[in-house]
Amino acid sequence: MSNDPFKYLTDSPMAPAELCFDILPSDSQDLATPTKALYVGEGGDIALVTLRGDSEIIFRNLPSGSVLDVRVKAVRATGTTAASLVGLS
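**As for the pattern of salt bridges**
- Taken as a whole, this structure holds two salt bridges when the rule is applied.
- Its salt-bridge partner being Arg76, residue Asp30 comes within 3.2 Å of it at the nearest N-O pair. Placement of Asp30 in the loop between strand 1 (20-23) and strand 2 (37-42) and of Arg76 in strand 6 (residues 72-76) is noted, with a sequence separation of 46 residues between them.
- Among the ionic pairs, Arg60 bridges to Asp45, the shortest N-O distance being 3.2 Å. Of the two residues, Arg60 is situated in strand 4 (residues 57-62) and Asp45 in strand 3 (residues 44-50); the sequence distance between them amounts to 15 residues.
- On the basis of relative accessible area, Arg60 is assigned to the exposed category, the value being 53%.
- The class for Asp45 is buried, based on a relative accessible area of 13%.

How each quantity is defined
- Residues numbered from 1 in each chain as written.
- Predicted model: local features only at pLDDT ≥ 70, side-chain atom pairs only at ≥ 80, totals over all residues.
- Heavy atoms only, no water.
- Salt bridge = Lys/Arg side-chain N within 4 Å of Asp/Glu carboxyl O.
- Helix = DSSP H or I, 4+ residues; strand = E, 2+ residues; numbered from the N terminus.
- Buried < 20%, exposed > 50% of the residue type's maximum accessible area, 1.4 Å probe, protein only.

This is how it looks when you write it as structure tokens:
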């Protein structure tokens, strides 16, 4: 078992991610866990719904290897051309 010197600190949106998970864009399903940020493995557009938003917004022309610092509750398939997306939470 590793010694985590930060285990008693409160998590916050500004703290480093403690959970990473693959994102499969869906037009009908929200993410099981909201994100702090998204990692873009293969560049393109991402259609998403923010944690507090009700409508989708498209971030266009994101480069491969970029991190999009936005809290997201859904990534939509329609309008998303980026691939290999990873949620950071």
